[in-house]
Amino acid sequence: MIISCPHCGPRDSSEFYFRGEATPTRPEYDAGTAAATGYVYGRINPAGPQKEHWYHAAACRSWLLVERDTRTHKFLSVTLASEQGR
Amino acid sequence: MERQHYSLFTLARQALTGHRGWQPAWRDAAPQDRYDVVVIGGGGHGLATAYYLAKIFGVTSVAVIEKGWIGGGNAGRNTTIIRSNYLLPGNIPFYEHSLKLWEGLEQDLNYNAMVSQRGILNLCHSDEQRDAFERRGNAMRLHGVDADLLGPAEVRRMAPFLDFDNARFPIFGGLLQKRAGTARHDGVVWGFARAASDRGVDIIQNCEVTGFVRDPSGRVTGVETSRGKILAGKVGMAVAGNTSRVASFADLRLPIESHVLQAFVSEGLKPVIPGVITFGAGHFYISQSDKGGLVFGGDLDGYNSYAQRGNLPIVEDVCEEAMAIMPMVGRARVLRSWGGIMDMTLDGSPIIDRTPVPGLYLNGGWCYGGFKATPASGWCFAHLLARDAPHPVAAHYRLDRFASGQLLDEKGAGAQANLQ
Ligand SMILES: Cc1cc2nc3c(=O)[nH]c(=O)nc-3n(C[C@H](O)[C@H](O)[C@H](O)COP(=O)(O)OP(=O)(O)OC[C@H]3O[C@@H](n4cnc5c(N)ncnc54)[C@H](O)[C@@H]3O)c2cc1C
Ligand SMILES: [Zn+2]
């Protein structure tokens with residue numbers, strides 16, 4: 001897989017670290033156990049487009065917000081997580 | 001259909017009559033309107049569940065529903081290692097139950113599953129790792145499971161071809177489980193299918209589950225499929241890499257991610273590798289099939305995937321690890337590689353439990369270790385479906401352990417699926 005980093009251009013996926021799906025957001029600290037458990041352990045795990053975080057560890061060290069199809073490994077979009085406030 | 005018993009005598013008789021008298025091993029059934037139990041997924045686990053439901057628990061109105069052909073999922077893609085060398089008290093009795101079932105499986109099923117107890121040797125490469133292996137071996141022995149801690153000289157006698165004096169990964173010894181080994185993966189599927197079919201189970205292929213039938217109270221009372229609606233007293237999911245997908249039809253969000261795991265086989269060679277050998281300084285394992293091919297693999301690719309194929313960085317990684325531990329394999333050519341979709345849980349252990357939805361039961365989260373679990377998983381899931389209570393050896397495989405904090409994390413890796 002080739003990932004097009006907004007800073008570094010197209011680079012081999014082995015330069016990146018995969019963090020996981022980016023859709024769930026951290027609940028408020030007093031949201032309760034069920035909300036916290038859902039956030040830490042619940043996964044949507046879609047077969048199809050998934051928003052996810054990758055970290056460009058071997059180069060610019062930016063967190064990326066990526067949309068990728070889990071059925072084909074096709075990258076649909078790559079943006080900087082910081083620009084999305086995530 | 002009259003059951004055809006397999007024996008040396010049957011084989012001799014067939015040989016004398018030109019092998020024209022063999023019957024299909026199992027019935028390819030069409031769906032009926034209703035069953036007491038519908039099991040989704042015709043992999044090893046689904047078929048074993050159906051078999052033990054009929055044989056041990058007396059439930060014979062059972063259908064196994066498979067979207068493709070039986071054994072086309074992970075059951076036909078794995079590297080066939082069976083073992084019970086676990087550390088945690090929640091895991092050891094389950095995997096040992098499974099290994100004991102493997103030991104009698106062929107007689108029980110009247111089918112050659114090519115179970116071969118050729119042993120598994122986990123190599124260690126530091127003092128700390130040897131201590132950890134000693135602890136694991138002792139935990140196994142306390143549970144009545146065989147384990148032997150070997151020093152470098154004993155390992156050298158077993159496998160002289162290893163790179164013992166590797167500057168970075170010297171071999172300090174290994175943990176050996178002699179009763180571990182391999183089995184023929186699709187033979188296991190066909191054996192369970194044949195034995196289940198003989199006891200009246202309907203095996204329905206090319207039938208994809210696309211939704212659940214629910215009554216007004218929300219209870220699951222059947223499945224919607226590509227071949228119409230099928231009603232059921234209870235529905236069990238055993239769909240491995242597709243667990244999240246099928247569970248989403250009932251609006252369940254599970255502690256599971258689907259990841260791709262690759263495997264490789266070399267050209268056929270004369271016997272060189274005595275059993276299963278694993279490299280302790282990375283993630284690499286290898287055995288040799290009866291046909292002579294070296295069967296090996298390593299880590300997950302590391303990102304969510306439903307594609308059933310992986311990428312090149314892992315190919316490179318696996319080959320580098322092979323060279324680090326047994327340079328002799330460098331001259332063998334890789335014949336094939338493939339991938340399967342692992343249902344990775346967030347603590348690396350499986351789930352066999354009821355779901356919050358009445359009538360719907362879950363068997364999943366096998367990560368990359370579910371082949372060895374096939375008989376016990378079927379047995380325990382059948383127990384749960386028939387009696388509505390967990391089997392004692394699977395009692396820790398609860399779905400709510402993630403909320404209660406009673407995780408079964410063999411590796412101590414935390415809630416990160418690709419590290420399990
Ligand atoms: C490369 C690789 C190596 C492995 N090596 C080992 C090993 O050495 N030892 C070990 O113990 N384990 C190993 N595993 C893991 C093991 O293969 C799995 O954990 C185990 O096979 C999963 O259970 P199963 O056989 O029931 O799964 P599967 O065979 O995947 O069965 C699930 C079935 O469900 C069907 N299905 C899915 N969705 C639907 C639907 N909507 N409707 C109807 N049917 C559906 C699928 O088509 C599939 O046939 C390995 C896996 C892989 C991929
Ligand atoms: Zn970059």
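A quick note: this is a predicted structure, and the numbers were derived from the prediction, not measured.

(A) Region of interest: the coordination of the zinc ion (ligand 2). Residues and elements named next belong to chain A. Protein-derived ligands of the zinc ion (ligand 2) are Cys5 (SG), Cys8 (SG), His56 (ND1) and Cys60 (SG), with the metal-ligand distances lying across 2.1 to 2.3 Å. Here the zinc ion (ligand 2) binds four donor atoms, and the angle range of 106 to 118° at the metal identifies the geometry as tetrahedral. Ordering the donors of the zinc ion (ligand 2) by residue number gives the pattern C-x2-C-x47-H-x3-C. For His56, a relative accessible area of 0% corresponds to the buried category.

(B) Structural detail: the packing of helix H3 (residues 92–109) of chain B against helix H6 (residues 185–198) of chain B. Residues and elements named next belong to chain B. Contact geometry for H3 and H6: axes closest at 10 Å, N-to-C directions at 50°. It follows from the interaxial angle that H3 and H6 lie oblique. Crossing of H3 over H6 shows left-handed handedness. Across from Trp102, Leu105 and Leu109 in H3, the residues of H6 making contact are Val188, Gly191, Phe192, Arg194 and Ala195.

(C) How the structure looks around the site of ligand 1. Residue and element names in this part refer to chain B. In the vicinity of ligand 1 there are 38 residues, among which Glu66, Asn74, Ala75, Thr79 and Lys372 approach most closely. Asn74 is positioned with one of its backbone polar atoms (N or O) 2.8 Å from an oxygen atom of ligand 1. In the environment of ligand 1, an oxygen atom lies 2.7 Å from a nitrogen or oxygen atom belonging to the backbone of Lys372. Burial of ligand 1 by the protein amounts to 96% of the accessible area it has alone, namely 1000 Å². Secondary structure elements with two or more residues in the shell around ligand 1: helix H2 (44–55), strand S12 (256–268) and strand S16 (334–345). Here the residues of the shell around ligand 1 sort into 18 nonpolar, 15 polar and five charged. Two domains share the shell around ligand 1, each providing at least three of its residues, namely domain 1 (29–112 + 184–255 + 347–404) and domain 2 (120–178 + 258–345).

(D) Summary view of unusual backbone geometry. All names here are of chain B. Phi is positive for Gln308, close to 55°, though the residue is something other than glycine. Here Gln308 lies in the loop between strand S15 (293–304) and helix H8 (312–325). Positive phi is not limited to glycine here, since Cys367 has a value of about 50°. With respect to the element layout, Cys367 can be found in the loop between strand S18 (360–364) and helix H9 (374–387).

(E) How the structure looks around the interface of chain A and chain B. Opposite the 24 residues of chain A that make contact, chain B presents 25 residues. Summed over both partners, the interface of chain A with chain B comes to about 2100 Å²; 51% of that surface belongs to carbon and sulfur atoms. For chain A, the biggest contributors to the area lost against chain B are Tyr41(A), Arg43(A) and Asn45(A); these three give 34% of the whole. Counting across the chain A and chain B interface gives one salt bridge. Every element with two or more residues in the side of chain A that touches chain B is listed here: strand S3 (17–21), helix H1 (33–41) and strand S4 (49–55) of chain A. Broken down by element, the side of chain A that touches chain B gets its largest block of residues, four residues, from S3(A).

(F) Fine view of the sheet that holds S4(A). Residues and elements named next belong to chain A. Reading across the sheet, the four strands line up as S3-S4-S5-S6 and stay open at both edges, with antiparallel pairing between neighbours. For this open sheet the edge positions go to S3 and strand S6 (74–80), each flanked by a neighbour on one side alone. Neighbour-to-neighbour, the strand axes of this sheet turn through a mean angle of 30°, independent of strand direction. Relative to S4, S3 is paired through four bridges, and the arrangement is antiparallel. Residue pairing for S4: Glu21 is matched across the bridge by Glu52.

Rules used in this analysis
- Residues numbered from 1 in each chain as written.
- Chains lettered and ligands numbered in written order.
- Predicted model: local features only at pLDDT ≥ 70, side-chain atom pairs only at ≥ 80, totals over all residues.
- Heavy atoms only, no water.
- Donors = N, O, S within 2.8 Å, 3.2 Å for Na, K, Ca; no water.
- Tetrahedral: all angles 85-135°; square planar, octahedral: opposite > 155°, others 65-115°.
- Buried < 20%, exposed > 50% of the residue type's maximum accessible area, 1.4 Å probe, protein only.
- Axes fitted to C-alpha atoms, helices over the stretch in contact; angles between N-to-C directions.
- Helix = DSSP H or I, 4+ residues; strand = E, 2+ residues; numbered from the N terminus.
- Parallel < 35°, antiparallel > 145°, perpendicular 65-115°, else oblique.
- Left-handed = near helix turned anticlockwise from the far one by under 90°.
- Contact = heavy atoms within 4.5 Å.
- Near = heavy atom within 4 Å.
- Polar contact = N/O pair within 3.5 Å; in protein donor to acceptor, adjacent residues only side chain to side chain.
- Areas by Shrake-Rupley, 256 points an atom, 1.4 Å probe, with all protein chains shown as cover.
- Nonpolar A, V, L, I, M, F, W, Y, C, P; charged D, E, K, R; others polar.
- Domains from an automatic or database assignment.
- Buried area = accessible area lost by both parts, 1.4 Å probe.
- Salt bridge = Lys/Arg side-chain N within 4 Å of Asp/Glu carboxyl O.
- Pairing = 2+ DSSP bridges.

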